[in-house]
Every structure is written in C-alpha cells, then in structure tokens.
Amino acid sequence: MQAVYVIKRFGVFLLIVWVAATLNFFLPKLSGQDPVRTKLLQEAAIGGNVQVGMEQMVKEYDKRFGLDRPLLAQYGSYLYDVGHFDLNYSISSYPRTVKELIAEALPWTVGLLATTTLLSFAIGTLLGALLAWPRAPAWMRYLMPPLWALHAIPFFLFGLILVYVFAFKLQLLPMFGGYSPGASPGLTWDFISDVAAHSILPALSIILVSIGGWALAMRGMMVTTMGEDYVVFAEAKGLRAGTVFMRYCVRNAILPQTTALVLALGQILSGAVLVEVIFGFPGIGALLFHAIQENDQFLIQGIVFTVIAALGLATFLLDIAYPLLDPRISYRRT
Amino acid sequence: MSEAVLEVRDLRVSFAHPLGLVRAVDGVSFSLAPGERLGLAGESGCGKSTMALAILRMIRPPGRIDGGSVRLDGVELSVLNEEAMRRLRLAGIALVPQGSMNSLNPVMRIGAQIEDALADHGVSLSRTALAERIADLLETVGLRAGVAASYPHQLSGGMKQRACIAIAICLRPRVIIADEPTSALDVVVQRQVMETLARVQRDLGAAVILVGHDMGLMAQFVDRLGIMYAGRLVEVAPVGQMVTVPRHPYTRALISSLPSLEHRGGLQGIPGLAPLLRDLPSGCAFHPRCSLAGERCRIETPALRPMGGNAVAACHLAEPVA
C-alpha cells in the first residue's frame, strides 16, 4: 500500500517537472527574440566590428545550438537533454555549460539560504509559540513589535541598512562578495572563516526579516490549538506545563508550519535574487540576475527548470513524510 | 455529611465581557459524600461546565474565580500553589471531558497519552510494567489492550470516551467529574459508556459529579440531583424525591418537558429563553419565565431552603413537605 502511494506521488512529481519543462521551453520561444542574434549584435556593438558575415555566424550558431530545426524536433531533443540533466550551453558565457554555472553557484545559495531558512524557521516558530503561551516570560511581549516591524521591511532594503552600518560606517564586516578577492577557495580554516564573515550580513538580513513571519503564523496556529478540547483535557490530566506546551500545543500547531518550511526550502534554489545582488554573493540569484541582463535564454531556462524541479522534489518529499508527522493523513487515501 | 470528600462553598466565577461582567457561577455550594453520585443538570449556558473547570481551578482569562472555597478531603484548594494544584488534578480530582471526540491528542497514540499522565505524576515504571498497567486500564474500561497502539482517529466515539475514562481513573482519584461524557454518542453507546463509568466508579469507590442536561440519563445514574439555573443551584434533592415531588418551578418545568412514551403529541418546552448572564433579571432569575411569579420574586433573590427529606430549593413559593 505504501509503495503504491510513493509511486503515485512520484508520478505526480514527474508530471509537474514535465509540465514545467514544457512551459519553460515554449514560453521563451513565444517572446520572438533571437538570442544568438541579440548576443552577436551586442558583441558587434561593443567591439565596433563591421557586421560582415553576421548572418552566416547566426546560422552557424543556430545550427550548433540546434535552433534551425523544426520546433517539435527541438522540443524532443530538449526533453531528452533535460532528462539527462543536460541544460545546454550558456550563451553569455559560451563555451561554459549551464550545468557548470549552476553547479558553481548552487553551494553558495544553498549554504546561505538553507542555513538562514532553517534558523529563522526554528527561532520564529519557537518565539511564536511562546508568544501565544500565557506562562511565557512577560519580557517576550516587548520582543514582538520590533520583529513585526522588521518583517514589514523588504529584506534587500534591510540588507542595505546593514551594509551601511556594519560594513561602511563601522567597518566590522566585509561589504561585498562571497569571499575576499585574494583568498584561495579550499577547505582551510582561513577560507571558511572568511566565507563566514562574508555571509553574516546577508544571513542576518534574511533571518531578522523572516523571523517575524514565522512567529506570526505560529502564534496564530497556537492560539487555535490551545482552544482545542485535547489541550483542556491535557491540563485536566495534571500534566506539567512543559508537556502540555510541547507535546500537545506545539506538536499540533507546527503541522502547517512544516508545509510552509518545505515550500520555503524548495524555493531556496531560486535564491534571494535581491540579497545576492546587493551583497555581490555568487549564488543562483545573482546568476539569474546576470542571465536576465544578458538575455541568456538557456541559462534562464536552466535555472528556472532547476528551481521547479527542486520545488517539485520538496513537495514530493513532504507528501512522503507528512503521514509520519500527522497520523491522520494516511498513505491509503488518494 | 461531615466527612464529605468534596466540599464546595459559595463558588463564584465571572468572565470579563465588553458589555459587563458575566457571572457564570454565582455562589454555588454543595458537598459530596465518598462514593456518592451527584448530578448537575441545567440548560446550556447555565454554568455547569464552568463550575466543573472551576473546581479544578482551570478557568482561563478572561474568566476568573472570584471567590468561594473548594475542599478535597478537608484540604482547601484555593490556597494551593500552582504545582500542588497540578499534581492534584487527575490524582485527586479527575475530569472525564465533554465531547471526547476531540479530547485526545490527534498525533499521539492512546498508550502514550496515558503514559505522559503517569509520568508527570511521578509514576516511574519499567517498560513492561508500564505496558501492563496501560493494558489493565484499557481492559477495565472494556477496551482491548491493543488500543494503546492506536491513534484517536482510528477509534469510534464510544471507544474514545472509554479511553478518556481510562485516563481519568489511572491514578485512582477520589472524585471524578464527568462533564457531559456521553452527549456526542448515540443512546446504545451512551448506555454502555455510562455502565462502564458506573462500574469503575464503584470499584474505585470514587465520588462522581455528572454534569449534563439529559434528565433521563441523570435519573438513572445519580443518587442526588442538583438543578442549576443562570449560574445558581436552584434545587438539590435525592433523585427519586426530585422526580416525584419537584419543589422549584424550574425543576417542574424541566421534568414535564421530558418526552414520554405514554403521552404522545407535541413536546412541552419551557417558555422564554435562558437569561443573559451579564444581564440577569432582578430577584429570582427565573421569574420572567415562571407562571407563578409574584411581586416578591421580582425583588428578592431566593436562597436555598430545606424542603424536607434531604431536599433544598431556592424558591419563595415552595413549601417544605414533611
């Protein structure tokens, strides 16, 4: 029974990826732009070259990228390539492949965003739960208004403020980049602490801004949960306040939060575009920004496809894991 | 009645409401003999459930206990600190909750929900002894021992209610407060659950307060019946006496509104609506709905007076019967 459930869910996952890949293929085609021609025209403009042989070059590149074939044939080979995780060459960084570029940027984004998402989820959820809890220390009530205020600020704006204060005025932390210009990447202590120092400001801007959202959602769920009959009965059972809090209130109130967490984790791959651009962080978001600037269709497609696949995968894993979190959801139905 | 197991004196609970103070329980007094079964009946909103929670000191804001005393075996509960009060819940006074459909934690197995009650009351047993104790408890209330491994949603309403009874008796309490334990169940299951409750109560020798509005069920189960109206006890009497010679007009109206198999036809109700607790009528709160009410009833609030036998009633017009 459980195998059938998993297979069905996996089927849904593949379907999502296929639909995404198809949209991803056809939408840019609808724009009517010719990426190769655009790119060559750009080069020509920059280099001041005469446009002799331009048409020939366009044809040559179209042939190389397979852009001269009928649309359906292109679609077929595109699907085949995607199935093999071959995302074609980057037009703007030719001859580097899209896969290479993404693989380079991915660890930065995942490292930054996975950490910040998990941290803000953990802190925010716990804070939210305590805020709804009548026995929580009174000082906590003063903590919330500032967090809500922060939550209302877009985090790139907050990031700019942090850069101004800590990097520019106080000069405590580096202003830009994923690591210092001279540092040689490697698993050395120096490099790791260098990366950590560069990550503090972007991480802080994301964490401080998103804690409020998690806390707000959790507080709402907690208030509802605390009104449930099973919480009243738990109290009538003479359970310790800690037991009632963790095993009866938080355990139930956190269920919708986990869904939100998984979706947030799935979205990590799209990167925090603005934060990465502001801090010059070499992640996926910055790469996407660059790709859009350069009209690098293959790179945009590759990134969007990766994001959708990751989101689909996250949803798939959530579907598999959810019955473990909530016994009322069984593998049998659907 | 001198060695009452539970003694409630002048218990008062109110809720802060934007339109005024709501007196949900207003000066209720009664005592409970060891092993006795007392019923508390009344319309919805008359303060029955609030009083059950007030005895356990579990009124949450905006509600508060304004005063009165609750003594368990002579120990005054209102002066206990929160930790002592916590330990007394379940171990001294146990609640069988209202609407057990939702009274069990949906994400925990039944066994675990008994385990945490035992653990938080300092019962430490080995794994096997614990499993044995839980199996015993479940069998006592007529469930298979295997139910310990089930989640609440896998059980029927009656089974869930039995599981709640199993939890309530796990520390052999002196008093069990059953707050409408069967209101969500059909009559067949209702009867089974009440029989189970009666049996475990007899075995433990615990006293029971049965809160509810089902007069028929009450009459079968309890020794003594208290009728509440608008946060006050208006009549308390041994159940046989109450059914045959009710003293308070409200009690009479309640009893005559019971459907009967002999006299078919339209159901007889009580005219009017229960009063708003934040805006009670002057004098006797029942007077606007009472056909006998006179001038005095509109002015003076009646107190409970002995009415012969072991009965007391709060009505200016009731006469003691020898």
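Structure: above.
This is a predicted model, so every value here is computed, not measured.

A tally of helices and strands in chain B yields 10 helices and 12 strands. Expected size for 322 residues packed as a compact globule is a radius of gyration near 20 Å; at 20 Å, chain B falls within 12% of this value. Buried positions account for 53% of the 322 residues belonging to chain B. For chain B, contacts bridging at least 24 residues in sequence account for 64% of all contacts bridging at least 6. Working note: accessible area of chain B is about 14200 Å², and carbon and sulfur atoms make up 54% of it. With 33 positive and 30 negative side-chain charges, chain B shows a separation of 2 Å between the mean positions of the two kinds.

We now examine the overall build of chain A. For chain A, the helix and strand inventory stands at 14 helices and 0 strands. Each helix and strand of chain A, ordered N terminal to C terminal, gives the series α-α-α-α-α-α-α-α-α-α-α-α-α-α. Projecting the C-alpha coordinates of chain A onto the three principal axes gives extents of approximately 85 × 60 × 35 Å. Sorting the 334 residues of chain A into buried and exposed places 43% on the buried side. Summarising the internal contacts of chain A: among those between residues at least 6 apart in sequence, 74% fall at separations of at least 24. Only carbon and sulfur atoms are counted for the fraction: they give 70% of the accessible area of chain A, which is about 17500 Å². Distance between charge centres in chain A, computed from 22 positive and 20 negative side chains, equals 13 Å.

Moving on: the interface of chain B and chain A. Contacts between the two partners involve 32 residues from chain B and, on the opposite side, 24 residues from chain A. Together chain B and chain A conceal approximately 2400 Å² of surface at their shared face, both sides included; 56% is due to carbon and sulfur atoms. Looking only at chain B, the three residues that lose the most surface to chain A are R60, V107 and D120 of chain B, adding up to 24% of its buried area. Run the count over chain B and chain A and you get 3 salt bridges. Counting residues per element, the ones that place at least two in the side of chain B that touches chain A are α2 (82–91), α3 (110–120) and α5 (157–168) of chain B. A class-by-class count of the residues in the side of chain B that touches chain A yields 16 nonpolar, 8 polar and 8 charged.

Now for the pattern of salt bridges. Residues and elements named next belong to chain B. Counting across every chain of the model gives 23 salt bridges over all chains. Between R174 and D73 there is a salt bridge, with its nearest N and O atoms 2.9 Å apart. Here the residue R174 occupies a position in the loop between α5 and β7 (175–179), and D73 occupies one in the loop between β4 (63–72) and β5 (75–76), the gap between them amounting to 101 residues. In this structure D73 comes out as partly exposed when scored by relative accessible area, which is 41%.

Glancing now at the packing of helix α6 (residues 144–152) of chain A against helix α8 (residues 189–226) of chain A. Angle between the axes and distance between the axes are the two parameters that describe a pair of packed helices. All names here are of chain A. Put simply, α6 and α8 touch, their axes get as near as 7 Å, and they point 115° apart. Our pair here, α6 against α8, has a crossing hand that is left-handed. Only L208, V209, I211, G212, G213, A215, L216 and R219 of α8 make contact with α6, whose side of the interface consists of M144, L147, W148, L150 and H151. For the contact of α6 with α8, the per-class residue count stands at 9 nonpolar, 3 polar and 1 charged.

Before going further, it helps to examine empty space enclosed by the protein. For the structure shown, the criterion picks out 2 cavities of 30 Å³ or more. The calculated volume of the largest cavity comes to roughly 50 Å³. Taken together, the residues of the lining of the largest cavity break down into 7 nonpolar, 3 polar and no charged.

What follows is about the sheet that holds β5 of chain B. Residue and element names in this part refer to chain B. The antiparallel open sheet is built from 4 strands, whose spatial order is β2-β1-β4-β5. With one partner strand each, in any of the chains shown, β2 (20–32) and β5 form the two edges of the open sheet. Sheet topology places strand β1 (residues 6–17) next to β2; 10 bridges connect them, and they run antiparallel. When the sheet's bridge partners are listed, F15 is paired in β2 with V22.

Before going further, it helps to spend a moment on the sheet that holds strand β9 (residues 224–229) of chain B. Residues and elements named next belong to chain B. Pairing in this open sheet of 8 strands is mixed, and the strands run β6-β7-β8-β3-β9-β10-β12-β11 from one edge to the other. Every other strand in the sheet has two partners, leaving β6 (93–96) and β11 (305–306) as the edge strands with one partner each. Note: β6 against β7, 4 bridges, orientation parallel. Looking at the pairing, I93 lines up with V175 of β7. Set on the sheet, helix α1 (residues 48–55) makes contact with β3 (37–41), β6, β7, β8 (207–212) and β9; between it and β8 the angle comes to about 145°.

Further remarks concern the side chain of T258 of chain A. Residues and elements named next belong to chain A. The topology assignment puts T258 in helix α11 (residues 255–267). Separated by 2.4 Å, the side chain of T258 and the backbone oxygen of L255 make a polar contact. Setting aside anything within four residues of it in sequence, one finds T258 in contact with L318, Y322 and L325.

Moving on to the layout of surface pockets. Any empty space left between atoms is shown by rolling a water-sized probe over those atoms. Roughly 660 Å³ of volume is contained in the largest pocket. What lines the largest pocket is a set of 31 residues, among which R135 and E235 of chain A together with R57, I59 and R60 of chain B lie closest to the centre. Elements that contribute at least two residues to the lining of the largest pocket include exactly α9 (229–236) and α10 (241–253) of chain A together with α1, β4 and α2 of chain B. With 6 residues, the single largest contributor to the lining of the largest pocket is β4 of chain B. Within the lining of the largest pocket, the residues separate by chemical class into 17 nonpolar, 4 polar and 10 charged. What the second largest pocket holds in volume is close to 410 Å³.

Let us look at a nonpolar patch on the surface. All names here are of chain A. Taken together, the side chains of I161, Y164, V165, F168, L170, L172, M175 and F176 define a hydrophobic patch exposed on the protein surface, amounting to about 800 Å² of accessible area. Take F168: it is sitting in helix α7 (residues 155–169). On the basis of relative accessibility, which here comes to 46%, the residue F168 falls in the partly exposed class.

What follows concerns helix α4 (residues 127–140) of chain B. Residues and elements named next belong to chain B. Helix length check: α4 (14 residues) gives 20 Å between terminal C-alpha atoms against 20 Å at 1.5 Å per residue, within 8%. Taken residue by residue, α4 has L130, I134, A135, L137 and L138 as its buried positions. Down the axis of α4, the buried set is contained in an arc of 160°. They therefore lie on one face. Facing away from the buried side of α4 by more than 90 degrees, the exposed set consists of T128 and E132. One or two residues past the end of α4 sits G142, with phi positive at roughly 85°.

So, how was this worked out
Residues numbered from 1 in each chain as written. Chains lettered and ligands numbered in written order. Predicted model: local features only at pLDDT ≥ 70, side-chain atom pairs only at ≥ 80, totals over all residues. Heavy atoms only, no water. Helix = DSSP H or I, 4+ residues; strand = E, 2+ residues; numbered from the N terminus. Rg over C-alpha atoms; globule rule 2.2 N^0.38 Å. Buried < 20%, exposed > 50% of the residue type's maximum accessible area, 1.4 Å probe, protein only. Contact = heavy atoms within 4.5 Å. Areas by Shrake-Rupley, 256 points an atom, 1.4 Å probe, with all protein chains shown as cover. Lys, Arg positive; Asp, Glu negative; His and termini not counted. Charge placed at Lys NZ, Arg CZ, Asp CG, Glu CD. Buried area = accessible area lost by both parts, 1.4 Å probe. Salt bridge = Lys/Arg side-chain N within 4 Å of Asp/Glu carboxyl O. Nonpolar A, V, L, I, M, F, W, Y, C, P; charged D, E, K, R; others polar. Axes fitted to C-alpha atoms, helices over the stretch in contact; angles between N-to-C directions. Left-handed = near helix turned anticlockwise from the far one by under 90°. 1 Å grid on protein atoms, 1.4 Å probe; cavity = no way out; pocket = protein on both sides within 12 Å on 5 of 7 lines; lining within 4 Å. Points joined across faces, edges and corners; volume = space filled by probe spheres on them. Pairing = 2+ DSSP bridges. Polar contact = N/O pair within 3.5 Å; in protein donor to acceptor, adjacent residues only side chain to side chain. Patch = residues over 30% accessible without salt bridge, like charges linked within 9 Å, V, L, I, M, F, W, Y side chains within 5 Å. Expected span 1.5 Å × (residues − 1). Arc of directions from axis to C-beta.

Worth remembering: the numbers are spatial, not functional.
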